[in-house]
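Residues per chain are reported as follows:
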Amino acid sequence: MRLATGILIATATLAGAAPPVPHASPNASVDPGIIGKAPITSWPTFNGDYSGRRYSTLTQIAPSNVRHLTQQWVYKITDVGAQRGAPVPIIKCTPLLVGGILYITIPDHIWALNARTGNPIWHYDWVDHGGHLVGQRGVGIWKTTLFFQTPDNWLIALNANTGQELWKKNYADARKQYFSTSAPLIVKNHVIIGVGGDAMDMPGFLDSFDPITGNLQWTWWSTPRKGDPALTTWPNEPASEHGGGMTWMPGTYDPALNLLYWPTGNTNPVFAGQGRPGANLWTESIVALDADTGELKWYFQVSPHDTHDFDNTTAPILFDRVVSGKPRKLLAQAARNGFFVTLDRVTGKYLVVKPYVPLDYSSGLSPQGEPIPIPDKDPTVGGSINIVNATNWQAPAYNPNTGLVYVNSVEGKAIYYLTDDSDQPSGYGGTGEGIGPSERVLQAIDPLTGKAVWRHVYPNLNNAPTTLGPSILTTATNLLITGDDQKNAIIFSADKGQILWHHELGANESGGIITYLLDGKQYIVFGAGDSLYAWSLPQ
């Protein structure tokens, strides 16, 4: 572990940019009570606020002037080369913005940047001892303390203004193939973290830590233990204890209900379900947990008995609407299994469960509204065809003015093979490979019907990848900011899907998009490959 202060230089300070200015004294501090508010002069948590909407009330950048957007600066990572399993650094995080400081991450690294210039303030460098380096989603902040998860499952607490390490806790064993890519979620006095890893049939969990001492407050396991009625959805206790359900993307939170809403990942063994008959709770689910205790309040299983790696980790978006004349607290998710679901977030009861991509692997819905998989669609030794993942970890968005949920989806087919057809398979137990052409489609979905109001089919010149792509941000001025897989940043109108602006970058947008007001100027900031871009209107 090394700490370097001010040793980096913003590599491109560009067209229309202000000249570099001396660093002001860093003054980053966040009252946890403001994290749930609409982000304006800060972006203090992964989704901007707790709702997962990725919606900004800022109005300076609008359809009438968006054509004047000008690149303000670019920060390019130059001092980190190939990482284990990653030939070049890729910024997959959502930056945080606090007190004029931007925080960005890749595996093992954090940079604090001057948000006005892109100049580095400090850089934290961790030397891992295991874990996969497939991505890093960002940091969390509580008052003046920054929290970071390492690939080998350490929670690191740092001084947000200096990068000085305060404490660290190891919460999972990398030798068991646990690894971490998530951004911690800060709720009141809780630092809530999830974990990834599905190679060795380990159970997923959430941990909550005290932000001052680092002491563990509670743990919630994503598969049931002895004595829990949900254990009947597994053949036996050992199968449940090795059943997966990783928690590798941040959840959302309703302060009024004090409930966390967390998506859980794929079941283990991943493709071989013959050794684990049953629904396999609480994998592939949306769960509601008490934020202070981790107690399970309700669940909705989006993919019962999954055998296609439909890792259900897309963000659950929280919003309120009037339904049949009554105000309702709702939650929506565009799941990776191709179903769009809208739930009552107080009770977990469903309002809408409807495919948003073409699919034919389900025979209908259970009385609880959960899709019923067709067993003949399970992977086989000779191969079985099903859909590719309909979306992935990239953030969707919701705009309260249009009332629409936005998701970048993929429509296509894959063939799934069973490589372990024994009675007691383990690990992945199979594999899947895309076949034929697939399309990336931006969809605007009415969450009260599950139907797309408009769609934009991207050119897909290179066939649509399912694991890397842009997230989405919407604004009060009817903007929808995202990108395609041809290195273009694109701004659409949120209500009709008309293209208002586009610009070619050096790489595909690869992380979360944020916007904020600083010195009276609205910025749009996002990562693409190894570079962080900042855009605004000329003064």
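Parameters and conventions
- In this numbering scheme, every chain counts its residues from 1 along its sequence in written order.
- Totals for whole chains, interfaces and linings use all residues, but because this is a predicted model, local features are given only for residues with pLDDT of at least 70 and pairs of side-chain atoms are given and counted only at 80 or more.
- Only hydrogens and water are set aside when side-chain values are computed; all heavy atoms of the structure are taken into account.
- Here, strands pair whenever DSSP counts at least two bridges between them.
- Numbering of helices and strands runs from the N terminus, with a helix taken as a DSSP run of H or I at least four residues long and a strand as a DSSP run of E at least two residues long.
- By nonpolar core we mean a set of buried residues, namely Ala, Val, Leu, Ile, Met, Phe, Trp, Tyr and Cys, connected to one another through side-chain atoms within 4.5 Å.
- Between buried and exposed lies partly exposed: a residue is buried under 20% and exposed over 50% of the maximum accessible area for its type, with that area taken using a 1.4 Å probe on protein chains only.
- Throughout, a contact is declared for two residues whenever any of their heavy atoms are within 4.5 Å.
- Lining residues are those with an atom within 4 Å of a point, where the points come from a 1 Å grid over the protein atoms alone and group into cavities, where a 1.4 Å probe fits but cannot get out, or pockets, open sets with protein on both sides within 12 Å along at least five of seven lines.
- Grid points are joined across faces, edges and corners, and a volume is the space filled by probe spheres set on the points.
- Polar here means any residue outside two lists: the nonpolar Ala, Val, Leu, Ile, Met, Phe, Trp, Tyr, Cys and Pro, and the charged Asp, Glu, Lys and Arg; Gly therefore counts as polar.

Taken in spatial order, the five strands line up as β2-β31-β32-β33-β34 in an open sheet, and their pairing is mixed. Single-partner strands in this sheet number two, and they are β2 (55-56) and β34 (499-504). For β2 and strand β31 (residues 473-475), the ladder comprises two bridges, and the chain directions are parallel. Counted as the bridge partner of Ser56 is Thr475 from β31.

Within the largest apolar cluster, 96 residues are counted, with the highest numbers of intra-cluster contacts made by Leu102 and Tyr103. In contact with Tyr103, not counting residues within four places along its chain, are Ala28, Pro95, Leu96, Trp111, Ala112, Trp122, Val139, Leu146, Ala160 and Asn161. Of all hydrophobic cores here, the second largest spans 32 residues; its members include Phe300, Leu318, Ala332 and Ala334.

So, on to empty space enclosed by the protein. Under the definition given, this model contains three cavities of 30 Å³ or more. Of the pockets and cavities examined, the largest cavity occupies roughly 120 Å³. In terms of lining residues, the largest cavity is bounded by 18 residues, among which Pro304, Asp306, Phe310, Tyr361 and Pro373 are the most central. Here the lining of the largest cavity takes three residues from strand β25 (residues 371-373), the largest share from any one element. When the residues that make up the lining of the largest cavity are grouped by side-chain class, the tally is eight nonpolar, seven polar and three charged. Quantified by volume, the second largest cavity comes out at close to 50 Å³. Considering the residues around the second largest cavity, the lining is formed by Phe46, Asn47, Met249, Pro250, Thr313, Thr314, Ala315, Trp393, Gln394, Ala395 and Pro396. Residue composition of the lining of the second largest cavity, by class: seven nonpolar, four polar and no charged.

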